[in-house]
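Residue-level listing of the chains:
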Amino acid sequence: MKLETKLEPDSALVHAVHASPNFEERRNGWPPSMVILHYTGMTSAEGAIGWLANPESGVSCHYVVDEAGAITQMVAEHARAWHAGASRWYGECDVNSMSIGIEIQNPGHERGYPDFPPAQMHAVAALCRDIISRNRIVPQRFLGHSDIAPGRKIDPGEKFDWAYLARGGVGHWVTPSLDLSAPCSGDEAAMLAEALELLRAYGYGIDNPGRDDWPKVLIRSFQMHFRPARADGLIDAGTLDTLRRLVDALPEPVIA
Ligand SMILES: [Zn+2]
């Protein structure tokens, strides 16, 4: 495969092209089979684009979506951008070779974490649908950075509106349980054990990297995406119910 030196936009939705030198060929010729959503964690989209195009940053993505919904393409979809870092999904570590990365402008949890504006959400959803039109990406492989790098990344976070994306035909989703009650004392250990097995079946990398807070980190990552009303990392009946229904709703049988 020859990598183009001149970047042509893959999508008619792209407002601007700003080529990043930070890319390479996808390993093993893998076509994109996942979309990973991020927030930039920077104060402006312009600043993020500058950083993602800086050879010294060692990072990049395919698309940046600013607060107003303007889309900038930085790496061709066929190429491997550098957005996922140390990650894991279904036991696969080279997420960059399998994915398209979208950076959504938001300063992030450390800078006030404002809501994602409707115009921005609208653009992200439209871009995702457009990506689906060119690439075979099943709904359950639209994921957040926090899903593939729990404990290391918390973007795009609990304010990102995955329910809105799902209503627009993007991603895998079940309506979260409204039960926010705490578990009865003594039930937590069994609930947590079941939850970890279900998370593994869904694709999360649950191997303990030696952190004492690991179960809490995993549960919080799941909650931020799928039960965002309370993402505290504590197992509860509503989280477990949501997770059970999510796994049940997988379109193909899960090989555990
Ligand atoms: Zn990220």
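We now turn to the structure provided with this report.

Definitions and limits used
Residues numbered from 1 in each chain as written. Predicted model: local features only at pLDDT ≥ 70, side-chain atom pairs only at ≥ 80, totals over all residues. Heavy atoms only, no water. Donors = N, O, S within 2.8 Å, 3.2 Å for Na, K, Ca; no water. Helix = DSSP H or I, 4+ residues; strand = E, 2+ residues; numbered from the N terminus. Buried < 20%, exposed > 50% of the residue type's maximum accessible area, 1.4 Å probe, protein only. Axes fitted to C-alpha atoms, helices over the stretch in contact; angles between N-to-C directions. Parallel < 35°, antiparallel > 145°, perpendicular 65-115°, else oblique. Contact = heavy atoms within 4.5 Å. Nonpolar A, V, L, I, M, F, W, Y, C, P; charged D, E, K, R; others polar. 1 Å grid on protein atoms, 1.4 Å probe; cavity = no way out; pocket = protein on both sides within 12 Å on 5 of 7 lines; lining within 4 Å. Points joined across faces, edges and corners; volume = space filled by probe spheres on them. Core = buried A, V, L, I, M, F, W, Y, C linked by side-chain atoms within 4.5 Å. Domains from an automatic or database assignment. Pairing = 2+ DSSP bridges. Phe/Tyr/Trp six-rings, centres within 6.5 Å; stacked < 30°, edge-to-face > 60°. Left-handed = near helix turned anticlockwise from the far one by under 90°.

Before going further, it helps to spend a moment on the coordination of the zinc ion. Ligation of the zinc ion by protein atoms is provided by His38 (ND1), His145 (ND1) and Asp155 (OD), these donors lying 2.1 to 2.2 Å from the ion. Each donor residue of the zinc ion lies on the same chain, and together they follow the pattern H-x106-H-x9-D. Placement of His145 in helix α4 (residues 145-148) and of Asp155 in the loop between α4 and α5 (162-167) is noted, with a sequence separation of ten residues between them. For the pair shown, His145 and Asp155 are each scored as buried.

Right, let's talk about the packing of helix α7 (residues 214-226) against helix α8 (residues 237-248) for a bit. When two helices pack together, you describe them by how their axes are tilted relative to each other and by the distance separating the axes. The geometry of α7 relative to α8 is characterised by a closest axis approach of 11 Å and an angle of 70 degrees between their N-to-C directions. Accordingly, the angle class assigned to the pair α7 and α8 is roughly perpendicular. Taken together, the residues of α8 that come into contact with α7 (itself represented by Ile219, Phe222, Gln223 and Phe226) are Thr239, Thr242, Leu243 and Leu246. Broken down by class, the residue content of the contact of α7 with α8 amounts to five nonpolar, three polar and no charged.

Moving on to the layout of surface pockets. Space inside the largest pocket adds up to approximately 510 Å³. If you trace the largest pocket, you find 25 residues lining it, with Tyr39, Thr40, Glu103, Lys153 and Asp155 closest to the centre. The set of elements that each furnish at least two residues to the lining of the largest pocket consists of β3 (34-39) and α1 (45-52). It is α1 that provides the largest number of residues to the lining of the largest pocket, a total of three residues. Residues of the lining of the largest pocket, tallied by class, amount to ten nonpolar, nine polar and six charged.

So, on to the nonpolar core. Grouped together as the largest cluster of nonpolar side chains are 28 residues, with contacts concentrated most on Met34, Ile148, Leu199, Tyr202 and Tyr204. Where this core is concerned, the elements lending two or more residues are β3, α2 (95-98), α6 (188-202), α7 and α8. Take this core: its biggest share by element is six residues, from α7. The residues that make up this core include at least three from each of domain 1 (16-167) and domain 2 (188-248). With residues near it in sequence (within four places) discarded, Leu199 still touches Tyr204, Ile206, Leu218, Ile219, Phe222 and Leu243. Counting residues in hydrophobic clusters, the runner-up holds 25 residues, among them Val65, Ile102, Tyr113 and Ala123.

The pairing of strands in a sheet comes from backbone hydrogen bonds and takes either a parallel or an antiparallel form. Taken in spatial order, the six strands of this open sheet run β1-β5-β4-β7-β3-β8, and their pairing is mixed. Looking at strand neighbours, the two that pair on one side only are β1 (16-17) and β8 (142-144), the edges of this open sheet. Two elements, β1 and strand β5 (residues 71-73), share two bridges in a ladder whose sense is parallel. Residue pairing in the sheet places Val17 in a bridge with Gln73 of β5.

Turning next to the pairing of β3. Counting buried positions along β3 gives six out of six residues, so the element sits mostly inside the fold. What you see with β3 is no split at all: Met34, Ile36 and His38 on one side and Val35, Leu37 and Tyr39 on the other are buried throughout. As paired strands, β3 and β8 are joined by three bridges and run parallel to one another. Directly across from Leu37, in β8, lies its bridge partner Gly144.

Following the criterion strictly, the structure yields eleven aromatic pairs and no others. For the pair Phe116 and Phe160, a centre-to-centre distance of 5.3 Å together with 90 degrees between the ring planes defines the contact as edge-to-face. With Phe116 in the loop between β7 (99-104) and α3 (118-134) and Phe160 in the loop between α4 and α5, the pair connects residues that are 44 residues apart, well separated along the chain. For the pair Phe116 and Phe160, a shared accessibility class is recorded, and that class is buried.

Axis separation between α6 and α7 bottoms out at 11 Å; the angle between their running directions is 60 degrees. When the axis of α6 is compared with that of α7, the two are oblique. Note that α6 runs across α7; the crossing there is left-handed. In contact with Leu192, Ala195, Leu196, Leu199 and Tyr202 of α6, α7 contributes Pro215, Leu218, Ile219, Phe222 and Phe226. Residues of the contact of α6 with α7, tallied by class, amount to ten nonpolar, no polar and no charged.

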